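# A look at the structure
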Amino acid sequence: MVTLDGVMQVPGGPEEDTEGGFKYGGWVAPYTEANRSEFFAKNMQPAEYLLGRKTFEIFAGYWFNHADGWPGINLGMKYVLSNTVEQSDWENTQFLTSVEDIKRLKSSDGPDLQVWGSSQLIQLLMKNDLVDEFRLVIYPLTLGQGKRLFAEGTIPAAFTLTESMVTPNGVIMANYERAGKVKTGVVG
């Protein structure tokens, strides 16, 4: 979930993350019909998840007891990158401590990994060329401040649109798969 100006910080609620004086938590709420779309539902099927520690703590505090809204979240394996948290009561959770751990996991024969939230983890994955696909839900607003999806350290890469949908109130859902290196040329 991201705004037009690339902010991904705390879409779900005002108190999730006020770091940096962020005061727009819960900015997704006016667009909740997007969360009920077939496109969104498909992205919430049981999967394996790669989460940063902060997102994991938010998810574990909520989804552990509210799985009726996302039945697959408790079934899916949750890999958490953290140097401070080592265990959890949330079933199907494994902790990782390094980029090397992520590379080993990514090269294994398991299913695709989905990253939800996790702004610092996303930056680390992009910096280390570990992103194969973006499943973006783009909301029609700008916030001007907050944690950004594409921050410094993003490497040049080309992507191809594989699926998209626009809701009646302008939320754009788009899946992009990696398409190699950036190509340049002359226009005109």
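Going by the structure above, here's the rest.
In short, a report on the structure. (Residues numbered from 1 in each chain as written. Predicted model: local features only at pLDDT ≥ 70, side-chain atom pairs only at ≥ 80, totals over all residues. Heavy atoms only, no water.)

## Considering the environment of Glu163
- You can see Glu163 is positioned in strand β7 (residues 159–166).
- Residue classification places Glu163 among the partly exposed positions, given a relative accessible area of 26%.
- With 12 residues separating them in the primary sequence, Glu163 and Asn175 have C-alpha atoms 5.2 Å apart. (Helix = DSSP H or I, 4+ residues; strand = E, 2+ residues; numbered from the N terminus. Buried < 20%, exposed > 50% of the residue type's maximum accessible area, 1.4 Å probe, protein only.)

## Structural notes on the pairing of strand β2 (residues 48–52)
- Of all the five residues making up β2, five are buried; the element is thus mostly covered by neighbouring parts of the structure.
- In β2, alternate side chains face the same way, and those of Glu48, Leu50 and Gly52 on one face and Tyr49 and Leu51 on the other are all buried.
- Pairing of β2 with strand β3 (residues 78–81), which is carried by four bridges, proceeds in the parallel orientation. What sits directly across from Gly52, in β3, is Leu81. (Pairing = 2+ DSSP bridges.)

## As for the pairing of strand β8 (residues 172–178)
- Sheet analysis places strand β6 (residues 133–139) next to β8, joined by six bridges and oriented antiparallel. Directly across from Val137, in β8, lies its bridge partner Met173.
- Relative to β8, β7 is paired through seven bridges, and the arrangement is antiparallel. Directly across from Thr160, in β8, lies its bridge partner Glu177.
- Hairpin connection between β7 and β8: a loop of five residues separates the two successive antiparallel strands, and Gly170 in this loop has a positive phi of roughly 95°.

## Some details on the sheet that holds β8
- Taking strand neighbours across the sheet as the criterion, the four strands line up as β1-β6-β8-β7 in an open arrangement whose pairing is mixed. With partners counted over all chains shown, the strands left at the sheet margins are β1 (2–3) and β7, one partner each.

## What about the packing of aromatic side chains?
- In the structure shown here, the tally under the stated rule is eight aromatic pairs.
- Each ring, one from Phe22 and one from Tyr24, has its centre 5.9 Å from the other, and the planes form 75°; the classification is edge-to-face.
- With a relative accessible area of 34%, Tyr24 lands in the partly exposed category.
- Plain terms: the ring middles of Phe56 and Phe95 are 5.6 Å apart, the flat faces sit at 80° to each other, and that makes the pair edge-to-face. Residue Phe56 is located in helix α2 (residues 53–62), and its partner Phe95 is located in strand β4 (residues 93–96); the two are separated by 39 residues in the primary sequence. Here Phe56 and Phe95 have matching classes, each one buried. (Phe/Tyr/Trp six-rings, centres within 6.5 Å; stacked < 30°, edge-to-face > 60°.)

## Some words on the side chain of Ser119
- By the secondary structure assignment, Ser119 is in helix α5 (residues 119–127).
- With residues up to four places along the chain from it excluded, the contact list for Ser119 reads Met8 and Lys147. (Contact = heavy atoms within 4.5 Å.)

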